[in-house]
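Reading the structure
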Amino acid sequence: MSDPVAQPRDTGEGVPRPPHDPVPPVAPPPEAGAWPAGGADGPRPVSAGSSPQAPGASAVPPDAASDGEVPPNGPPWPYPGSGGTPHAEEPGTPYGSQPPSFGFPVHRLSPLVLLLDPVRMLPSMFIPLVGVFFFGGFSPVSYGVAAVIFAFSVAYSAVRWATFTYQVVGDRLELTRSLVSRSVRTIPLERVRGVDVSASLPHRLLGLAVLRVDTGASGGEQEGELDGLTLAEARRVRTLLLRQSPARTAASGGESDVITRAPVRWLLFGPLSGAYLLTPFALLASAAGLVSQLRGEYAVDPRSAWRFLGWMGDRPWLVAVAAVLILIAMPLFGTIMYAIFNWGFTLRVQGSSLVAERGLFTRRTVTLERRRIRGFELVDSVLERRAGVARLWAIVAGLGDSTTRGQLLPVAPRAAAGEVAGRVVGPFTTPLTRHPPAARRRRLFRATAPWALVAAAGVALASIPVAVTGLVLALAGIPLGLDRYRWLGHAFDGRRFSVREGSLTRRQAVVERRAVVGWTVRESWFQRRAGLVTVIAGVGAGSGGYPAKDIGTAEGAEFARTVTPAWITPFLAEPHPGRNT
């Protein structure tokens with residue numbers, strides 16, 4: 001379905017906009033009653049005689065900037081080293097046809113990275129070194145060969161360092177490597193969605209950092225990486241890539257507005273997250289994999305493992321002690337892992353961006369442009385819900401790895417998460433509308449019917465364990481289905497809409513109306529018989545779509561019409577009285 005937006009008429013003027021004028025030319029007014037593209041509040045109707053203005057545009061005449069006045073939208077972005085002077089293009093060239101020249105020289109990584117590269121290459125040299133000492137023994141010749149291998153790795157690292165450069169040329173970042181053949185990776189600055197700066201423990205000891213560029217079009221992987229910048233250089237390049245004026249940064253004195261800083265007591269919430277709580281089992285699985293790999297090298301008989309398990313089975317008290325130790329280790333290791341990844345979490349506003357910083361050993365800094373944030377998502381598990389805590393993510397347009405990079409808060413009190421969401425996106429206080437009773441019956445059926453079939457199969461096969469297991473799970477599905485229905489809901493407050501679903505993991509998304517790019521209505525055979533549909537709001541950010549599940553057919557159409565009336569209203573209009581239906 002298309003948006004019936006009035007198209008501007010071609011005036012035939014074609015006069016290029018001067019480079020010093022940030023104000024776009026005003027399009028002719030559309031027809032009365034048309035729905036032009038809206039701004040932050042969505043589509044807006046246009047009455048007869050009005051002259052609409054493009055979102056973010058200024059009403060200042062094109063020649064106002066030439067009188068020495070600062071346009072309402074702010075001065076043009078000064079490039080580094082310009083001293084705040086806008087770039088002047090060649091006279092007579094159309095605006096934007098010639099990219100500005102930043103004068104950014106060719107740079108290399110810090111020479112200190114040469115101290116890290118040989119250490120990082122040690123795992124790849126492990127097998128050759130083992131072979132040298134295995135066949136040659138611990139003799140002077142073996143030590144000499146090992147020294148040659150290490151010297152070769154150092155020389156290779158030095159050549160890679162000398163043949164890699166980076167430079168901002170015009171409106172793009174160029175990463176050049178000319179080791180054997182010359183390759184140039186070009187990243188347009190307009191495609192940069194975020195710039196991350198991280199520093200592992202070895203990097204921090206040397207005062208270095210890793211800068212990663214995310215363009216949102218690489219399947220979650222960064223398109224550019226600069227591993228081995230000094231901290232000052234990493235901050236400078238990040239500022240440049242995000243088009244933040246150095247003059248404005250200097251004018252603010254480098255200060256930033258801190259939104260929240262996680263206190264140490266929040267570390268106690270780490271065990272509530274399933275990912276951290278299962279850390280002991282992950283360690284046991286890693287140990288089992290290591291033993292399996294070493295079994296062939298040390299000729300371990302597989303029957304020895306079975307004998308060990310039998311020996312443990314004959315001593316149930318040892319099994320009980322091991323189980324108790326694992327239960328104690330689960331919250332302990334959960335707290336440790338939570339602290340390693342989220343130590344010193346800080347979220348602040350710096351210029352036009354949000355900056356999140358975290359990490360104990362590896363310090364990571366994630367930068368998000370605020371103008372690309374379209375909403376937020378609150379997520380909590382059963383344990384987190386009982387403790388009154390939740391996790392908060394930003395819904396960002398064009399973000400490659402939103403699960404990791406878009407996190408605004410780790411496990412934190414729900415009140416703190418709501419406060420942060422209100423400051424970043426805006427508060428959402430409208431109560432959610434509950435879905436019809438048919439949705440409850442559907443939730444109960446889906447939670448109990450599969451296990452009831454398992455129980456019936458167990459009875460038919462005369463298998464008591466299968467029948468009992470299916471019956472117990474079917475009974476447990478009753479409260480689960482009721483809880484799933486309890487948290488279903490949707491609402492719209494005039495600027496943002498919200499949808500909620502889930503039980504074991506509950507998710508509530510709040511999305512701005514301007515982010516909606518389309519609607520999808522789905523109904524299965526069972527939904528059609530129950531008079532239900534699933535309405536999905538297509539959004540060019542986050543997961544790409546946010547569904548209102550098992551909503552009434554009429555309610556779903558009304559929900560979509562309320563959020564985007566210009567799109568849906570023509571399809572819901574009453575038929576003409578004299579027209580056959």
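Residues numbered from 1 in each chain as written. Predicted model: local features only at pLDDT ≥ 70, side-chain atom pairs only at ≥ 80, totals over all residues. Heavy atoms only, no water.

So, on to helix α14 (residues 437-460). Helix length check: α14 (24 residues) gives 33 Å between terminal C-alpha atoms against 34 Å at 1.5 Å per residue, within 8%. Of all the bends in α14, the greatest reaches close to 35 degrees and is centred on Thr448; the proline Pro450 follows between one and four positions later. All of the buried residues along α14 are Ala438, Ala439, Arg442, Arg443, Ala447, Thr448, Ala449, Ala455 and Gly458. Buried residues along α14 sit against α15 (464-486), α16 (525-530), β18 (532-539) and β19 (545-552). With its phi angle positive at about 60 degrees, Ala462 sits one or two positions after the end of α14. (Helix = DSSP H or I, 4+ residues; strand = E, 2+ residues; numbered from the N terminus. Expected span 1.5 Å × (residues − 1). Bend = angle between axes of the 7 residues up to and from the residue. Buried < 20%, exposed > 50% of the residue type's maximum accessible area, 1.4 Å probe, protein only. Contact = heavy atoms within 4.5 Å.)

An ideal rise of 1.5 Å per residue puts 33 Å on 23 residues; α15 measures up with 34 Å between its terminal C-alpha atoms. The largest bend in α15 amounts to roughly 25 degrees and is located at Ile478, with the proline Pro479 lying one to four residues further along. Of all the positions in α15, only Ala467, Gly470, Ala474, Gly477, Gly481, Asp483 and Tyr485 are classed as buried. Along its buried surface, α15 packs onto α11 (382-387) and α14.

Another aspect to go through is the sheet that holds strand β9 (residues 353-358). The seven strands lie next to each other as β6-β5-β4-β10-β9-β8-β7, forming an open sheet whose pairing is antiparallel. Bordering the open sheet on either side are β6 (224-230) and β7 (257-261), each of which pairs with just one other strand. Taking each pair of neighbouring strands and ignoring which way they run, the sheet shows an average axis angle of 20 degrees. Pairing geometry for β9 and strand β10 (residues 363-369), over six bridges, is antiparallel. Within β10, the position partnered with Val355 by the bridge is Thr367. (Pairing = 2+ DSSP bridges. Axes fitted to C-alpha atoms, helices over the stretch in contact; angles between N-to-C directions.)

Here the focus is the sheet that holds β19. Across the sheet, which stays open at both edges, the three strands sit in the order β17-β18-β19 with antiparallel pairing between neighbours. The sheet is open, and its two borders are formed by β17 (516-522) and β19, each paired with just one other strand. Neighbouring strand axes in the sheet, compared pairwise and without regard to direction, differ in orientation by 20 degrees on average. Relative to β19, β18 runs antiparallel, the two being bridged by six bridges. From the neighbouring strand, Val535 faces β19, where its bridge partner is Ala548.

Now for the pattern of salt bridges. This structure, assessed with the given rule, holds 22 salt bridges. In this structure, Arg348 and Glu357 form a salt bridge, with 3.4 Å as the shortest nitrogen-oxygen distance. The exposure class assigned to Glu357 is partly exposed, which follows from its relative accessible area of 21%. The network of salt bridges with common partners includes Asp380, Arg385, Arg414, Asp483 and Arg506. (Salt bridge = Lys/Arg side-chain N within 4 Å of Asp/Glu carboxyl O.)

On to the packing of aromatic side chains, then. All chains considered together, the criterion is met by five aromatic pairs. Judged by centre distance (6.4 Å) and plane angle (35 degrees), the rings of Phe445 and Phe526 are tilted. Taken as a pair, Phe445 in helix α14 and Phe526 in helix α16 lie far apart in primary sequence, 81 residues in all. Overall, the relative accessible area of 51% leaves Phe526 in the exposed class. The interplanar angle of 45 degrees and the centroid separation of 6.3 Å between the aromatic rings of Phe497 and Trp519 together place this pair among those described as tilted. With a gap of 22 residues between them, Phe497 in strand β15 (residues 496-501) and Trp519 in strand β17 connect regions that are remote in the sequence. The buried category is assigned to Phe497, whose relative accessible area is 0%. According to the relative accessible area criterion, Trp519 is buried, its value standing at 13%. Feature note: the residues Phe445, Trp525 and Phe526 constitute an aromatic cluster, connected by ring pairs. Lying over the aromatic face of Tyr485, Arg440 brings its terminal NZ or CZ to 5.2 Å of the ring centre. (Phe/Tyr/Trp six-rings, centres within 6.5 Å; stacked < 30°, edge-to-face > 60°. Lys NZ or Arg CZ within 6 Å of the ring centre and 35° of its normal.)

Taken N-terminus to C-terminus, the directions of helix α17 (residues 553-563) and helix α18 (residues 565-572) make an angle of 135 degrees; their axes are 6 Å apart at the nearest point. As summarised for this structure, α17 and α18 are arranged oblique, according to the angle between their axes. Along this stretch, α17 crosses α18, giving a crossing that reads as left-handed. Across from Ala557, Ala560, Arg561, Thr562 and Val563 in α17, the residues of α18 making contact are Pro565, Ile568, Thr569 and Leu572. Tallied by class, residues from the contact of α17 with α18 come to six nonpolar, two polar and one charged. (Parallel < 35°, antiparallel > 145°, perpendicular 65-115°, else oblique. Left-handed = near helix turned anticlockwise from the far one by under 90°. Nonpolar A, V, L, I, M, F, W, Y, C, P; charged D, E, K, R; others polar.)

Turning to its location among the elements, His435 is positioned in the loop between α13 (414-424) and α14. A relative accessible area of 3% means that His435 is categorised as buried. Taking the C-alpha atoms as reference, His435 lies 7.1 Å from Gly552; in sequence the two are 117 residues apart. Residues within four places of His435 in sequence aside, it is in contact with Tyr485, Leu488, Gly489, His490, Ala548, Lys549, Asp550 and Ile551. Side-chain polar atoms of His435 contact the backbone oxygen of Asp550, separated by 3.2 Å. (Polar contact = N/O pair within 3.5 Å; in protein donor to acceptor, adjacent residues only side chain to side chain.)

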